[in-house]
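# Reading the structure
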Amino acid sequence: MNIKKNIAISDSGFLFNPSTGDSYTLNPVGQEILKLLKDGNNDEGVIEYILKNYMTDKDAVEKDLYDFKNMLKNFKLIEDE
Amino acid sequence: MDKKQYERPIIKSLNNGVMNKFGTRNEYAALTHIEGVPVKSLLQEYGSPLFVISERKIRENYRNAKRIFETRYPKVQFAWSYKTNYLNAVCNTFHQEGSWAEVVSRFEYEKAIKNGVPGDKILFNGPDKTDSDLRLSIKNNSPIHIDHLDELYRLTEIATGMDKKPRVAIRVNMDTGIYPMWDRFGFNYENGQAWDAINKIMASGKLNLVGLHCHIGTFMLTPSAYGVAASKLSELALSIKHQYNKDITYLDLGGGFASKNTLKGSLLPGSDSVPEIYEYAEAITTAILNAGFQPDDLPYLYLETGRALVDDAGFLLGSVISNKRLSDGRRATIMDFGVNIMFTSFWYDHKISPAQEFGQHTEDTILYGPLCMNIDVVRENITLPPLKPGDQVVVHHMGAYNISQSMQFISLRPAIVMIDNDKKVHLIKAAETLETLEKGEVLPEYLKEFNI
């Protein structure tokens, strides 16, 4: 899963997709995950990072990541494979 | 290194639409305590979900309404509408404050008697009163509010064989300018049915006509409609005085005052759009005072206010079971309380607050209950912070009708506690068990065994 290269993410969690003109907001955890995915991390890498930095457990992150990626797909922020 | 607080990742599309001129509803501030008692500890001790009643709020609402009416009219009497919430603890709080009882069925009547309400302070409404109900009411001197002609004739017949003259009122329905007009209960004012019924009562000599009653609707958002109703009842009372030289003891304006709940489809939350009690009081008392009664002959004003006095004294606490994503990308959250204990969710958008602190990000979600039924939707759309399984929420304005109309459908009914004025928590109804559900069931002997 590759995040579209041309999307812009600001430090305050504002995301802009220049190809559609749509904009989005992300909460801090959403921002971190999106950056990790954009940098080419796979699911394991993302989960490991979140568990290292946040108070949560693996099951919760796994579920949430699955849902979050579905939303990215839904919003067409992912490159066609 | 200290780990950061985790919050479910969310991405929300920003839509450029027309701004709502009223701004966004900020209804998701955390509510961690009810009457000073932590939500978390309540749920831990009594289980989730849990109904919570604030005794302080009931008394405050009652005293406020009483003061508002009594400063405008000299003779006011409230009668607690049992069907709104017939938990004994709730009824008795109202009785301690001086409220009489208003009942609409035999079991409610018996409940009031059992609670210690004197018979002559129980107003008996409703279309279904059996001969035995009528005899009991006559014996106890309870005012019987006659709903239809059959009841009038039946009562006259029963009274013939008794040594007591029943104290009666007739229920009057009328056009008060609101739609839909409630005309299924009582006798109509405009077409003369009400006056005919009065003449029949007076002519029979068997019944003592002491009052006139009306109940113009429910969740009434137009106080002036009560003014019209009070004028029409006053006119009937004055006509009785003129025709029969008889003073009517009371005018009963029924219930129907709105609570601060938000009706589905309304632009503004109920807290901003629902009339205040004083607006109803002003309309009613002005109409009676201006009707033409001699000051010494002013009738008592009876009020059967239920919802407006108890709704905001009731809360439902519950927990998140799961989050899911619907096929179109919408977020859905499954709660552990459903429409079986939230009957009013069919017409209100209940205010729901998270019971724990959260960040600034929110998302739109559908709230489902736990029932395996498609109709189990608690809120069709609500903006809440990202909730995770186990997170707790507080549903506001749950004191009216939800408990009395709840049912054990798929899910059993939860415990109910009351927090007293000293912040002490009292269990006032235990959570149901399978035994509660099966009480009264009889399984025929031949169905007790099977082989599968």
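Values in this document were obtained by computation on a predicted structure and should not be read as measured data. (Residues numbered from 1 in each chain as written. Chains lettered and ligands numbered in written order. Predicted model: local features only at pLDDT ≥ 70, side-chain atom pairs only at ≥ 80, totals over all residues.)

## Here's the deal with the overall build of chain B
Tallying secondary structure elements over chain B gives 12 helices and 22 strands in all. Here the C-alpha radius of gyration of chain B, 25 Å, is about what a compact globule of 452 residues would show, namely 22 Å. Along the first, second and third principal axes, the C-alpha atoms of chain B reach 90 × 65 × 45 Å. Here chain B holds 452 residues, and the buried ones make up 44% of them. The long-range share in chain B, meaning contacts at least 24 apart out of those at least 6 apart in sequence, stands at 70%. (Helix = DSSP H or I, 4+ residues; strand = E, 2+ residues; numbered from the N terminus. Rg over C-alpha atoms; globule rule 2.2 N^0.38 Å. Buried ≥ 20, exposed ≤ 12 C-beta atoms within 10 Å, placed from the backbone. Contact = placed C-beta atoms within 7 Å.)

## What about the interface of chain A and chain B?
Counting residues at the interface gives 22 residues for chain A, matched by 17 residues for chain B. For the side of chain A that touches chain B, the elements supplying multiple residues, two or more each, are strand 3 (22–26), helix 1 (28–38), strand 4 (54–55) and helix 3 (58–74) of chain A. The element contributing the most residues to the side of chain A that touches chain B is helix 3 of chain A, with eight residues. Across the side of chain A that touches chain B, the residue classes break down as 11 nonpolar, eight polar and three charged. The pairing of strand 4 of chain A with strand 1 (residues 4–5) of chain B spans two bridges and is parallel. Among the inter-strand pairings, A:Tyr54 is bridged to a residue of strand 1 of chain B, identified as B:Lys4. (Nonpolar A, V, L, I, M, F, W, Y, C, P; charged D, E, K, R; others polar. Pairing = 2+ DSSP bridges.)

## Some words on the domain arrangement of chain B
Residues and elements named next belong to chain B. Examined at the domain level, chain B breaks down into domain 1 (33–52 + 312–433) and domain 2 (55–310). On the domain 2 side, the residues contacting the 22 residues of domain 1 number 20 residues. Listed by contribution, the elements that provide at least two residues to the side of domain 1 that touches domain 2 are strand 21 (415–419) and strand 22 (425–429). Of the residues forming the side of domain 1 that touches domain 2, the biggest block, three residues, is contributed by strand 21. Tallied by class, residues from the side of domain 1 that touches domain 2 come to 10 nonpolar, six polar and six charged. (Domains from an automatic or database assignment.)

## Quick look at the sheet that holds strand 2 (residues 11–14) of chain B
A sheet is described by the order of its strands in space; here four strands give the open sequence 1(A)-2(A)-3(A)-2(B), paired in antiparallel fashion. Of all strands in the sheet, those bounded by a partner on one side alone are strand 1 (8–9) of chain A together with strand 2 of chain B. One ladder, built from four bridges, connects strand 2 (residues 14–17) of chain A with strand 3 of chain A; its direction is antiparallel. Residue pairing in the sheet places A:Leu15 in a bridge with A:Tyr24 of strand 3 of chain A.

## Regarding the packing of helix 6 (residues 149–160) of chain B against helix 7 (residues 193–204) of chain B
Residues and elements named next belong to chain B. The geometry of helix 6 relative to helix 7 is characterised by a closest axis approach of 11 Å and an angle of 5° between their N-to-C directions. In terms of axis orientation, helix 6 runs roughly parallel to helix 7. Note on element contacts: helix 7 touches helix 6 through Ala 197, Lys 200, Ile 201 and Ser 204, opposite Leu 149, Leu 152 and Thr 156. When grouped by side-chain class, the residues that make up the contact of helix 6 with helix 7 number four nonpolar, two polar and one charged. (Axes fitted to C-alpha atoms, helices over the stretch in contact; angles between N-to-C directions. Parallel < 35°, antiparallel > 145°, perpendicular 65-115°, else oblique.)

## Overview of the confidence of the model for chain A
Mean pLDDT for chain A: 90, with 96% of residues reaching 70 or above. For chain A, per-element mean pLDDT is lowest for strand 1 of chain A, which scores 88, and highest for helix 2 (residues 43–53) of chain A, which scores 95. (pLDDT = per-residue confidence, 0-100.)

## A few points about the pairing of strand 22 of chain B
All names here are of chain B. Examined bridge by bridge, strand 21 and strand 22 share four bridges and lie antiparallel to one another. Bridge assignment links Met 418 to a residue of strand 22, and that residue is His 426. A loop of five residues connects strand 21 with strand 22, the two strands running antiparallel in sequence, and Lys 423 in this loop sits at a positive phi of about 65°.

## Details of the confidence of the model for chain B
Looking at chain B, pLDDT values average 94 and 97% of them are 70 or higher. Scored as a whole, the predicted complex attains pTM 0.91, and scored at its interfaces, ipTM 0.94.

## Re helix 4 (residues 106–114) of chain B
All names here are of chain B. The complete set of buried residues in helix 4 reads Glu 108, Tyr 109 and Ala 112. Along helix 4, the residues classed as buried sweep out an arc of 105° about the axis, all on the same side. Seen from the buried face of helix 4, the exposed residues on the opposite side, beyond 90 degrees, are Phe 107 and Lys 114. Where the residues of helix 4 are buried, they touch strand 7 (100–103), strand 8 (122–124) and helix 5 (131–140). Where helix 4 terminates, the next one or two residues include Gly 116, which has phi positive at roughly 100°. (Arc of directions from axis to C-beta.)

## Looking at the nonpolar core
All names here are of chain B. In this structure, Val 52, Val 172 and Ile 284 are the most contacted members of the largest nonpolar core, which totals 112 residues. Sorting elements by how many residues they give to this core places helix 8 (residues 223–244) first, with eight residues. Two domains share this core, each providing at least three of its residues, namely domain 1 (33–52 + 312–433) and domain 2 (55–310). The residues touching Val 52, leaving out its near neighbours within four places in the chain, are Ile 34, Leu 42, Phe 315, Leu 317, Val 417 and Ile 419. (Core = buried A, V, L, I, M, F, W, Y, C linked by C-beta atoms within 7 Å.)

## Comments concerning the environment of B:Lys246
Residues and elements named next belong to chain B. Note on placement: Lys 246 falls in the loop between helix 8 and strand 13 (250–252). Given 15 C-beta atoms within a 10 Å radius, Lys 246 is considered partly exposed. Each C-alpha atom, one on Lys 246 and one on Thr 71, is 27 Å from the other, the two residues being 175 residues apart in sequence. Residue contacts for Lys 246: discarding those within four places in its chain leaves Leu 209, Ile 240 and Lys 241.

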